[in-house]
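This is what each chain is made of:
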Amino acid sequence: MTILVTGGAGFIGSNFVLDWLRQCDEPVINLDALTYAGNLENLASLQGDARHVFVKGDIGDRALVDSLLAQHRPRALVHFAAESHVDRSIHGPGAFMKTNVEGTFTLLEAARAYWSTLEGDAKAGFRFHHVSTDEVYGSLKPTDPPFAETNAYEPNSPYSASKAASDHLVRAWHHTYGLPVVTTNCSNNYGPYHFPEKLIPLMIVNALAGKPLPVYGDGQQIRDWLYVTDHCSGIRAVLAGGTPGETYNIGGWNEKANIDIVKTVCALLDELKPSAEGPYARLITYVKDRPGHDRRYAIDARKIERELGWRPAETFETGIRKTVQWYLDHPDWVARVQSGAYRDWLDKQYG
Ligand code: NAD
Ligand code: DAU
């Protein structure tokens, strides 16, 4: 038994691979193109571990995906690989269409061809698990109920539109061809190995460097934060027990305004690594808003709890403390990511 993971050198993918191999011995084939967001250093602890096979490559390379499926005959494909940053999608949407839409299409076609060669239990048990986002549902008003799986899709950014498109492809490949797919739509993750272009890690590394903490607009936009290993356990639950063709929302029941997140990070840093210059909140700087900025996301995670018994293990208080502490404990990781030196890791480690 083997699983094929795409995007397993990114933030959530690398946490998933590490967690998976902590929980079981089932090997992971990890296909990742190592874009700017892919960092093999995240997986350094698996060096020499035969259960982890890393393959540098693009999900849009059909011949490569075909050969990996034929060679390793995985029982499941867990698809994380994507362009994931909303601000980058505003500056340059092309890569988002290429990877998130065309790349997912290529994977679906390769998975369909492979799956059609399977028989009996292997065919029935195969899963294509598509990892998606709550952003496909658009933006909530202050009094709206949280996003349920039945909400209409109303994506607002090039990123969320590309993810919505990929969700629709996955749905159609089930409906038309019978491919056993499951889709999870998760809220904002945070935790170790989060690339410091996203809100929480950016605030931590900027604060430690004494740089401004840029808060978009009025800072009152709301996100529903989930500690990354809780997302990983939710994916494992859906992979193990989810019904093919179904979608499952994953979230932390933890809505917070951005400005409160930033103030919490500052307060934790004041406690754990006080600055001689004074409280870190002095660095908070309101800047121009993100174009088309979604005001509020919130997830109704009752379906995954009711059907699969999943609940997050971390509260926001425990998760954010662990996260800030992780960044304090890993200054070398941060320095290599910031200098770009992490991109030399492959050569350095593997010659
Ligand atoms: P990330 O940007 O940190 O990592 C993406 C990974 O995909 C990187 O390792 C990158 O090298 C790889 N990749 C990109 N293009 C590729 C391609 N063409 N072929 C192969 N590999 C490629 O992203 P993340 O935050 O870890 O998100 C992972 C998935 O989870 C994405 O699909 C994202 O939409 C989804 N998601 C993210 C969040 C979040 O809060 N970060 C929340 C919900 C859902
Ligand atoms: O909701 C799930 C999504 O969460 C994922 O699908 C995306 O891949 C992931 O990047 C994340 O998207 P967001 O746009 O919500 O995350 P980001 O960390 O970029 O921003 C979080 C909020 O903080 C958002 O309202 C914008 C704001 N922000 C962000 C940055 C980087 C700031 O105010 N200042 C900043 O510098």
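Residues numbered from 1 in each chain as written. Chains lettered and ligands numbered in written order. Predicted model: local features only at pLDDT ≥ 70, side-chain atom pairs only at ≥ 80, totals over all residues. Heavy atoms only, no water.

Let us now look at the packing of helix 1 (residues 11-23) against helix 8 (residues 228-241). Put simply, helix 1 and helix 8 touch, their axes get as near as 9 Å, and they point 65° apart. The pairing of helix 1 with helix 8 is recorded here as roughly perpendicular in orientation. Crossing of helix 1 over helix 8 shows right-handed handedness. Only Val228, Thr229, His231, Cys232, Ile235, Arg236 and Leu239 of helix 8 make contact with helix 1, whose side of the interface consists of Phe11, Ile12, Asn15, Phe16, Asp19, Trp20 and Gln23. (Axes fitted to C-alpha atoms, helices over the stretch in contact; angles between N-to-C directions. Helix = DSSP H or I, 4+ residues; strand = E, 2+ residues; numbered from the N terminus. Parallel < 35°, antiparallel > 145°, perpendicular 65-115°, else oblique. Left-handed = near helix turned anticlockwise from the far one by under 90°. Contact = heavy atoms within 4.5 Å.)

Attention now moves to the nonpolar core. Core analysis: the biggest nonpolar cluster contains 57 residues, and Val5, Phe16, Val78, Phe80, Leu213 and Ile320 have the highest contact counts within it. With sequence-adjacent residues up to four places away left out, Ile320 is seen in contact with Tyr190, Ile200, Thr264, Val265 and Leu268. Within the second largest apolar cluster, 24 residues are counted, among which are Ile59, Leu64, Leu69 and Phe126. (Core = buried A, V, L, I, M, F, W, Y, C linked by side-chain atoms within 4.5 Å. Buried < 20%, exposed > 50% of the residue type's maximum accessible area, 1.4 Å probe, protein only.)

Close contacts around ligand 1 come from 28 residues, with Ile12, Asp32, Ser84, Tyr159 and Lys163 the closest. The side chain of Asp58 places a nitrogen or oxygen atom 3.0 Å from a nitrogen atom of ligand 1. Considering ligand 1 on its own, with 840 Å² of exposed area, one finds that the protein chains cover 96% of that surface. Counting residues per element, the ones that place at least two in the shell around ligand 1 are helix 1, strand 5 (127-133) and helix 6 (158-177). Here the element with the most residues in the shell around ligand 1 is strand 5; it accounts for 3 residues. Considering only residue class, the shell around ligand 1 consists of 13 nonpolar, 12 polar and 3 charged. (Near = heavy atom within 4 Å. Polar contact = N/O pair within 3.5 Å; in protein donor to acceptor, adjacent residues only side chain to side chain. Areas by Shrake-Rupley, 256 points an atom, 1.4 Å probe, with all protein chains shown as cover. Nonpolar A, V, L, I, M, F, W, Y, C, P; charged D, E, K, R; others polar.)

The subject of this paragraph is the site of ligand 2. Near ligand 2 lie 24 residues; those nearest to it are Asp134, Tyr159, Asn188, Arg290 and His293. Note that an oxygen atom of ligand 2 is positioned 2.8 Å from one of the side-chain N or O atoms of Arg223. Here an oxygen atom of ligand 2 and a side-chain polar atom of Asn258 are 2.8 Å apart. Protein burial of ligand 2: of its 690 Å² of free accessible surface, 93% is covered by the chains. Sorting the residues of the shell around ligand 2 by element identifies helix 7 (199-208) and strand 8 (213-216) as the ones contributing at least two each. Here the shell around ligand 2 is composed, by residue class, of 10 nonpolar, 8 polar and 6 charged.

Chain-level statistics for the protein give a pLDDT mean of 96 and a share of 98% at 70 or above. Of all helices and strands in the protein, the one with the weakest mean pLDDT is helix 13 (residues 345-350) (59), whereas strand 5 scores best (99). (pLDDT = per-residue confidence, 0-100.)

The full count for this structure, using the stated rule, is 18 aromatic pairs. Measuring from centroid to centroid gives 6.3 Å for Phe147 and Tyr297, while their planes differ by 45°, and the two rings are tilted. In this pair, Phe147 is assigned in the loop between strand 5 and helix 6 and Tyr297 in the loop between strand 13 (284-287) and helix 10 (302-308), connecting sequence segments 150 residues apart. Considered together, Phe147 and Tyr297 belong to a single accessibility category, that of buried residues. Arranged with centres 5.4 Å apart and planes meeting at 65°, the rings of Trp173 and Tyr177 form a pair that is edge-to-face. Here Trp173 and its partner Tyr177 are both found in helix 6, 4 residues apart, which amounts to about one turn of the helix. According to the relative accessible area criterion, Trp173 is buried, its value standing at 11%. Relative accessible area serves as the criterion here: at 35%, Tyr177 is assigned to the partly exposed category. Here the aromatic residues Tyr137, Phe147, Tyr153 and Tyr297 are joined through ring pairs into a cluster of three or more. Over the face of the ring belonging to Tyr177 we find Arg112, whose NZ or CZ atom lies 3.7 Å from the ring centre. (Phe/Tyr/Trp six-rings, centres within 6.5 Å; stacked < 30°, edge-to-face > 60°. Lys NZ or Arg CZ within 6 Å of the ring centre and 35° of its normal.)

At a minimum axis separation of 10 Å, helix 2 (residues 62-72) and helix 4 (residues 94-115) run at an interaxial angle of 35°. As helix 2 runs across helix 4, the sense of the crossing is right-handed. For the pair formed by helix 2 and helix 4, the contact residues are Arg62, Val65, Asp66 and Leu69 on the first element and Thr106, Leu107, Glu109, Ala110, Ala111, Ala113 and Tyr114 on the second.

This part is about the sheet that holds strand 4 (residues 76-79). An order of 3-2-1-4-5-6-11 is seen for the 7 strands of this open sheet, with the pairing classed as parallel. The open sheet has two free edges, formed respectively by strand 3 (52-56) and strand 11 (247-250), since each of these has just one partner strand. Adjacent strand axes in the sheet meet at a mean angle of 20°, parallel and antiparallel pairs treated alike. Where strand 2 (residues 28-32) and strand 3 come together, 5 bridges link them in parallel fashion. (Pairing = 2+ DSSP bridges.)

Right, let's get into the side chain of Ser162. By secondary structure assignment, the location of Ser162 is in helix 6. Residue classification places Ser162 among the buried residues on the basis of a relative accessible area of 0%. Reaching out from Ser162, the side chain makes a polar contact with the side chain of Asn100 at a distance of 3.0 Å. Every residue in contact with Ser162, bar those within four places of it in the chain, is listed here: Phe96, Met97, Asn100 and Val101.

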